[in-house]
Each structure stands twice: as structure tokens, then as C-alpha cells.
Amino acid sequence: YDEGHAVALHSMSHDYAYIYSSVENYYADLTAVQDRVKRITGETSTLIRFPGGSSNTVSTRYDGGSRIMTFLAQDVVNRGFTYFPLLAIVETIVLI
């Protein structure tokens with residue numbers, strides 16, 4: 001981080017059943033990891049990768065049919081976050 005790298009947020013718990021059971025739980029988990037990163041780096045990161053990826057189907061096991069990923073993919077942007085799909089991360093790693 002001190003060398004100019006960005007720190008992206010992923011999940012504090014990686015507990016799909018908790019994270020994807022409600023929008024409130026998703027943001028509680030995201031806020032927990034965001035707060036931890038801020039305590040360590042002094043910076044507030046708004047870069048994220050969703051647990052399971054932005055087009056995951058694992059969330060459907062826990063969202064009670066609400067299609068939570070469809071909502072969250074837009075809502076995180078509305079709240080000022082930028083998310084990266086796994087493919088973008090893999091391509092970045094390969095290019096380095």
C-alpha cells in the first residue's frame with residue numbers, strides 16, 4: 001500500500017449465508033472490512049470485489065429469491081463504491 005498500490009475490499013467474514021441473506025448484512029460485512037482497512041492504512045477504500053464475484057449464483061441460495069446481487073451491483077455504485085469482476089482482477093494479475 002505504501003508503494004502506491006490500492007487496497008480493495010472483499011469480505012470480513014466470507015460467510016455467504018450471512019452476507020447474502022439481506023442487504024443490511026452485506027453492508028455490515030463490507031463496513032467491517034472497510035473500517036479495518038482504514039485502521040491499518042489510514043485510507044478509506046471504496047474498491048470492492050463481491051464475495052463469490054459480481055455475477056455469482058451462490059447468493060441465490062441465501063437471498064430468499066430477492067435477486068440480491070442484481071440490487072447490490074447497482075447499489076454499491078450508487079453509494080460510491082467501484083467493483084471489479086474476477087476476470088478484471090485476473091487480467092490485471094497476468095499483466096503485472
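Right above here is the structure, for reference.
Residues numbered from 1 in each chain as written. Predicted model: local features only at pLDDT ≥ 70, side-chain atom pairs only at ≥ 80, totals over all residues. Heavy atoms only, no water.

## A few points about the overall build of the chain
- Counting its regular elements, the chain contains four helices and two strands.
- Traced from its N-terminal end to its C-terminal end, the chain shows the element sequence α-α-β-α-β-α.
- Taking all 96 residues of the chain together, 32% fall into the buried category.
- Contacts in the chain between residues at least 24 apart in sequence constitute 66% of all its contacts with a sequence separation of at least 6.
- Entry remark: accessible area of the chain is about 6,100 Å², with carbon and sulfur atoms responsible for 55%. (Helix = DSSP H or I, 4+ residues; strand = E, 2+ residues; numbered from the N terminus. Buried < 20%, exposed > 50% of the residue type's maximum accessible area, 1.4 Å probe, protein only. Contact = heavy atoms within 4.5 Å. Areas by Shrake-Rupley, 256 points an atom, 1.4 Å probe, with all protein chains shown as cover.)

## Digging into the pattern of salt bridges
- For the structure on display, the rule yields one salt bridge.
- For Asp75, the salt bridge goes to Arg79, with nearest N and O atoms at 2.8 Å.
- The buried category is assigned to Asp75, whose relative accessible area is 12%.
- Classification of Arg79 by relative accessible area gives partly exposed; the value is 48%. (Salt bridge = Lys/Arg side-chain N within 4 Å of Asp/Glu carboxyl O.)

Read these as geometric descriptors, not functional statements.
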